[in-house]
Amino acid sequence: MAGFAYQTVLRVLWWLLHWILALIFKSPFPLLLMDLRKQMNRQRVQYIIDSYQLGGDEPVEFRKQLETLLQTWDLARVELALCEALVQSWLRVPMPRGPIFLQLTSALLQDWAAGIAEPTLTPQQFQHITSLDPTPVFGGPDTTEGPAIGLPPKSLPS
């Protein structure tokens, strides 16, 4: 219990420092919220990877490829593509992991962008597989943004 209280105090102090610096440098509030949303979405991606041990035996190459995906595509799209690739890989023995798994994920993202294929998972299936709230990926009635799966990628990979 003491460890939790200590971590909570550190988080509050960190955010307080963050806010003070934001006020000093006159950083707009919406940018802070976008940064927080991006961090949360990155944590969601990492949660999927950790939950299914998708990192494989080549952590350095995996990290590079993952960072490329996260910089190229919308984070919500990457979440959905990871989940779709996971479903497609379940019947393979041994199941692909590491950079090979990210290559499958990247191929899905490219197919979706080209209109060759579309995501097949429902919000309920996504939630069942990942244990994550599907709203950031699929949108919802209380969100101001539409579904992330309909958004174009940041840029098409070359």
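Residues numbered from 1 in each chain as written. Predicted model: local features only at pLDDT ≥ 70, side-chain atom pairs only at ≥ 80, totals over all residues. Heavy atoms only, no water.

Trainee: So what's going on with the packing of helix α4 (residues 75-89) against helix α6 (residues 123-130)? Residues and values would help.
Mentor: The N-to-C vectors of α4 and α6 enclose an angle of 75 degrees; their axes lie 11 Å apart at closest approach. When the axes of α4 and α6 are compared, the pair comes out roughly perpendicular. Residue-level contacts link Glu79, Leu80, Cys83, Leu86 and Val87 of α4 to Phe126, Ile129 and Thr130 of α6. Of the residues in the contact of α4 with α6, the class split is 6 nonpolar, 1 polar and 1 charged. (Axes fitted to C-alpha atoms, helices over the stretch in contact; angles between N-to-C directions. Helix = DSSP H or I, 4+ residues; strand = E, 2+ residues; numbered from the N terminus. Parallel < 35°, antiparallel > 145°, perpendicular 65-115°, else oblique. Contact = heavy atoms within 4.5 Å. Nonpolar A, V, L, I, M, F, W, Y, C, P; charged D, E, K, R; others polar.)

Trainee: Tell me about α4, and name the residues and values.
Mentor: Along an α-helix, residues three or four positions apart point the same way, because every turn accommodates 3.6 residues. Given a rise of 1.5 Å per residue, 15 residues ought to cover 21 Å, and the 21 Å separating the end C-alpha atoms of α4 matches this to within 8%. Within α4, 13 of the 15 residues are buried, leaving the element largely enclosed by the surrounding structure. Between a side-chain oxygen at the N-terminus of α4 and the backbone nitrogen of alanine 76 the separation is 3.2 Å; the capping residue is aspartate 74. (Expected span 1.5 Å × (residues − 1). Buried < 20%, exposed > 50% of the residue type's maximum accessible area, 1.4 Å probe, protein only. Polar contact = N/O pair within 3.5 Å; in protein donor to acceptor, adjacent residues only side chain to side chain.)

Trainee: Hey, could you go over the side chain of threonine 130 for me, with residue numbers and the actual values?
Mentor: Within the secondary structure, threonine 130 sits in helix α6. When its relative accessible area of 4% is taken as the criterion, threonine 130 is described as buried. A polar side-chain atom of threonine 130 sits 2.7 Å from the main-chain carbonyl oxygen of phenylalanine 126. Looking at threonine 130, its side chain comes within polar contact range of the main-chain nitrogen of leucine 132, at 3.1 Å. When neighbours within four sequence positions are excluded, threonine 130 is seen to be in contact with Tyr47, Ile48 and Cys83.

Trainee: Provide a residue-level description of the packing of aromatic side chains, including the pertinent values.
Mentor: For the structure on display, the rule yields 2 aromatic pairs. Between tyrosine 52 and tryptophan 90 the ring centres are 6.3 Å apart and the planes differ by 55 degrees, which places this aromatic pair in the tilted class. Of this pair, tyrosine 52 sits in the loop between α2 (29-51) and α3 (59-72) while tryptophan 90 sits in the loop between α4 and α5 (99-114), and the two are 38 residues apart along the sequence. Of the residues examined, tyrosine 52 reaches a relative accessible area of 25% and is grouped as partly exposed. Ring geometry for phenylalanine 126 versus phenylalanine 138: centroids 5.9 Å apart, planes at 70 degrees, classification edge-to-face. On the criterion of sequence distance, the pair formed by phenylalanine 126 in helix α6 and phenylalanine 138 in helix α7 (residues 135-138) is long-range, its members being 12 residues apart. As far as the burial class goes, phenylalanine 126 and phenylalanine 138 line up, both buried. (Phe/Tyr/Trp six-rings, centres within 6.5 Å; stacked < 30°, edge-to-face > 60°.)

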